Amino acid sequence: MRKVKPWIVAVFLFPGMLMYVYFFLIPAVQSFYYTLTEWNGFKDEKIFVGLENFQSLLTDKTFQQALGNTMLFLILGGVLVFGIALLFTYLITRPGFRGRKFFSNFFYFPNMISQAALAVMWVFFFNPEFGLLNMILNAVGLGEWCIPWLGSRLSGMICIIAVSCISFVGFYLTLLLSGCDKIPDTYREAASIDGATNLVCFFRITLPLLRDVLVISVSLWIINAIKYFELIWAMFKGKSTMLNTIGTYMFTMAFGVDVPVFKLGYASAIAVVMFLMVAVLVGGFRRIFDREDFQY
Amino acid sequence: MKKRFAMFLAVVMAAGVLAGCGSSPSSAAASGDATQTTGTDKLVIWTYMNEGEPMATWEQSVVDLYTEEYPDVDVEIVFCGREIASQFQTKLNDKEADDFPDIIILNNGVLMALAQEGVFVPLDDALTTPAFDQDMAWGDTFIANLMESMKIDGVQYFIPESMYTHGFFYDAAQFRELGLSVPQTWDELIAVCDTLKANGIAPVALDGSLDLYNEWWFIRFAERLTTMENLHAAAQGQMKFADDPAFLQAAEYVATFSENGYFQDGVAGSVFPAAQALFTQGEAGLLFCGAWIPTEMASQTPPEMEMKMFPLPELPGSVSARHEEIWSNAAAVTVDGKNQENAINFLKIFSSMGVQEGITELKNPSPLVGGPTVPELDQAESIVSNATSISGNYGDLQQYGDWFVNVLGPLSTQLINGNISAQEFITQLDTDTAAFYQ
């Protein structure tokens, strides 16, 4: 095979690189600069305030609440999403199981629906007066369990995590199933001959060999969870402070929507914190769990 | 040959990208020409409406009327949706663009903040010129209190699209059925709530998760019980809320509703617009909200419902017994727009008597003196004219943006849902306000 000269490769890469620099790198660097300023976006004038925006974040109760909500979403949501996705992976990949295609499509389906549309549905589902959830609880004699689901920070976040899981499980299930496809059947067949049950095969063979896919999936989850925005925004439009995540809080501080809050410098500081969280958590996670490619 | 072709392709791609990133000489020239021209043949309007919304259709009809009147002007109306302010922020980086907006239509709370940044043109002189279809000065066609409430330091920047006020909505048919009459005093309001409750109807519908509407309650009571100067001084951290007993009293009035169980069950978990739906379904008797409710709920209001409005009744010990809020979605002319003359001409048609029927058909109250009325809001004009003092919506406290969002909002939600007492609310409000301004 003829080797392509590096300068030709470079020339072909140039347009892409240029776009990357123009549309991502420059705005990202600018954002770092904005964190050091007080700026509302309507005037050219930016007042240099040094690290004041970051200092304010340390004492901002709403930010701390939003950070707590984001971490809860990341951890509890992660446990739920991957717990359910792994359970379905086990059930679907059992030898002789029929309908794998149907179930993987079925679980992926909620992922295809717009988050805004889902938000409208869930808001009414959880309504304390005429919502379906409380109606069902009343119908089965569990009326005392009926609470205003979105009326407190904890129950509200649990509801948000639960409905988000329904959307996300299908996506991570698809990733895990594609990982399973790569594992040769011979390992499991050999183990079965030696008397291993399906469950043992899953934990001792499938799961260890899925490690690479799991590391990528968890990394994706961390990124998605930290920047999670759409569903919560569509449900509350940033007007329920106790249910903010750092993504929705950043938007509220930058663009205000109904209330004129236009603190672009402060919002940029929040964005930088989000970036650092992703970098530290994904970097740390991959450092602990990454390994040499396992060949099979 | 292959290598040459590859090189050629790469150069073409790179040139294409560079061309895309830059602006063409012709477009630059065009924008340069535009900045030099006055009395132009173009007009760019940005509105907070989404395409297809009823008010967007009305705005389009005004554009059509303007085009008939000024056929040489090419009008571009952009339906930006509610995040119009953030789009405007971005556009301000490109002031020379041919499509830079000449007019922004938005709620006047946000417009006021933008006007204070100097992005809008004062309209006082224009308002002294003749109106479009009435034989008087343009400024005199509007309801005086409305125009007064929208001024900033005595300067007028806005042309109102409608006229909103705040109060209790109720179903007159339901009131007749239960033998209730419109309450004039606080005690009568409490009696109405008790009767509704005794008849199995939630006295008041509220979305308890919505900070924005929850803080409105405290503000409305405080406006009546103390001076606006004190309210704004406390909001800016210049005095403590605890220093004026009227604030505690206002919080106690708000707390009365949760303490007496006047809100619907599970109010804390109700998310907008569930409360409005509950009200139009007849499962709640009252809704304390802005005068946009008839418009917003038009498609869900059953024909048998006779929606009406009454003001917050007089409170014992009020400083201003009938302080009312009055505001509007409004239009403003941008400083950097290139077609200001066209913009003024358009706004005269936009606020002319001839187009008011279109507004009131959508159940929006007209901002004009003698304008057509909306049956559901037939009390709105008397609410405004009987006011002992006026302010914009939310007592104009929205201007303290992140204090309003991060301090007053969450605490008001806790107060109205009964999670904290009135005393705790005032104490915490002072603590959080002090921390905020520190």
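What counts, and where the lines are drawn
- Residues numbered from 1 in each chain as written.
- Chains lettered and ligands numbered in written order.
- Predicted model: local features only at pLDDT ≥ 70, side-chain atom pairs only at ≥ 80, totals over all residues.
- Heavy atoms only, no water.
- Salt bridge = Lys/Arg side-chain N within 4 Å of Asp/Glu carboxyl O.
- Buried < 20%, exposed > 50% of the residue type's maximum accessible area, 1.4 Å probe, protein only.
- Helix = DSSP H or I, 4+ residues; strand = E, 2+ residues; numbered from the N terminus.
- Contact = heavy atoms within 4.5 Å.
- Buried area = accessible area lost by both parts, 1.4 Å probe.
- Polar contact = N/O pair within 3.5 Å; in protein donor to acceptor, adjacent residues only side chain to side chain.
- Nonpolar A, V, L, I, M, F, W, Y, C, P; charged D, E, K, R; others polar.
- Phe/Tyr/Trp six-rings, centres within 6.5 Å; stacked < 30°, edge-to-face > 60°.
- Lys NZ or Arg CZ within 6 Å of the ring centre and 35° of its normal.
- Core = buried A, V, L, I, M, F, W, Y, C linked by side-chain atoms within 4.5 Å.
- 1 Å grid on protein atoms, 1.4 Å probe; cavity = no way out; pocket = protein on both sides within 12 Å on 5 of 7 lines; lining within 4 Å.
- Points joined across faces, edges and corners; volume = space filled by probe spheres on them.

### Quick look at the pattern of salt bridges
Residue and element names in this part refer to chain B.
- Overall, the coordinates contain 18 salt bridges over all chains when judged by the stated rule.
- A salt bridge links Glu148 to Lys151; its shortest N-O distance comes to 3.6 Å.
- With relative accessibility at 32%, the residue Lys151 sits in the partly exposed group.
- Taken together, the shared-partner salt bridges in this structure form one network comprising Arg220, Glu223, Arg224 and Glu324.

### Comments concerning the environment of Gly337 of chain B
- Here Gly337 of chain B lies in the loop between strand S10 (329-333) and helix H14 (340-350).
- For Gly337 of chain B and Ile103 of chain B, which are 234 residues apart along the polypeptide, the C-alpha to C-alpha distance reads 7.7 Å.

### A look at unusual backbone geometry
Residue and element names in this part refer to chain B.
- Residue Pro273 is bonded to the preceding Phe272 through a cis peptide linkage, with omega at 5 degrees.
- Topologically, Pro273 is positioned in the loop between helix H11 (245-259) and helix H12 (274-280).
- Even without being glycine, Asp396 reaches a positive phi, approximately 65 degrees.
- Its relative accessible area of 22% is what places Asp396 among the partly exposed residues.

### Brief notes about the interface of chain B and chain A
- In this assembly, 51 residues from chain B lie in contact with 45 residues from chain A.
- Regarding the contact of chain B and chain A, the summed buried area is about 4100 Å², with carbon and sulfur atoms giving 67% of it.
- Counting the surface chain B buries against chain A, the share from its top three residues, Gln89, Glu117 and Val271 of chain B, is 14%.
- Applying the counting rule to chain B against chain A returns ten residue pairs in polar contact (both at pLDDT 80 or more).
- Across the side of chain B that touches chain A, the residue classes break down as 27 nonpolar, 14 polar and ten charged.

### Thoughts on the packing of aromatic side chains
- With the rule as written, the count across this model stands at 71 aromatic pairs over all chains.
- Here Phe168 of chain B and Phe310 of chain B contribute two aromatic rings whose centre-to-centre distance is 5.4 Å and whose plane-to-plane angle is 20 degrees, an arrangement assigned as stacked. Here Phe168 of chain B, found in strand S5 (residues 164-171), pairs with Phe310 of chain B, found in strand S8 (residues 307-310); they are 142 residues apart in sequence, far enough to count as distant. Of the two residues examined, Phe168 of chain B and Phe310 of chain B, each falls in the buried class.
- A centroid spacing of 4.7 Å and a plane angle of 70 degrees characterise the contact between Trp217 of chain B and Phe288 of chain B, whose relative ring orientation is edge-to-face. Of this pair, Trp217 of chain B sits in helix H9 (residues 211-225) while Phe288 of chain B sits in strand S7 (residues 284-290), placing them 71 residues apart in sequence. This pair shows no difference in class: Trp217 of chain B is buried, exactly as Phe288 of chain B is.
- Members of the aromatic cluster, joined through ring pairs, are Phe168, Tyr170, Phe175, Trp186, Trp217, Phe221, Tyr253, Phe257, Tyr262, Phe263, Phe288 and Phe310 of chain B.
- Taking the ring centre of Trp39 of chain A as reference, the NZ or CZ of Lys46 of chain A above it sits at 4.5 Å.

### Considerations on the nonpolar core
- With 219 residues, the main nonpolar core has Phe158, Trp217, Phe218 and Leu286 of chain B as its most contacted residues.
- When residues in this core are grouped by element, the largest group, eleven residues, is from helix H13 (residues 264-289) of chain A.
- In this structure, Phe218 of chain B is in contact with Phe241, Phe247, Ala250, Ala251, Val254, Leu408, Phe425, Ile426 and Leu429 of chain B, ignoring residues within four places of it in sequence.
- With six residues, the next largest nonpolar core counts Phe88, Ile92, Val169 and Leu177 of chain A among its residues.

### Considerations on empty space enclosed by the protein
- Enumeration over the complete set of coordinates arrives at five cavities of 30 Å³ or more.
- Roughly 130 Å³ of internal volume is contained in the largest cavity.
- In this structure, the largest cavity is lined by 15 residues; those nearest its centre are Gly238, Lys239, Thr252 and Val259 of chain A together with Val405 of chain B.
- When contributions to the lining of the largest cavity are tallied by element, the ones reaching two or more residues are H9 and helix H17 (401-416) of chain B.
- Broken down by element, the residue count for the lining of the largest cavity peaks at three residues, all from H9 of chain B.
- By volume, the second largest cavity is sized at about 70 Å³.
- Taken together, Ala205, Leu206, Asp207, Tyr213, Trp217, Ala275, Gln276, Leu287, Phe288 and Cys289 of chain B make up the full set of residues lining the second largest cavity.
- Breaking the lining of the second largest cavity down by element, the ones donating at least two residues are H9, H12 and S7 of chain B.
- Counting residues per element, the lining of the second largest cavity draws most heavily on S7 of chain B, at three residues.
- Class assignment for the residues of the lining of the second largest cavity results in eight nonpolar, one polar and one charged.

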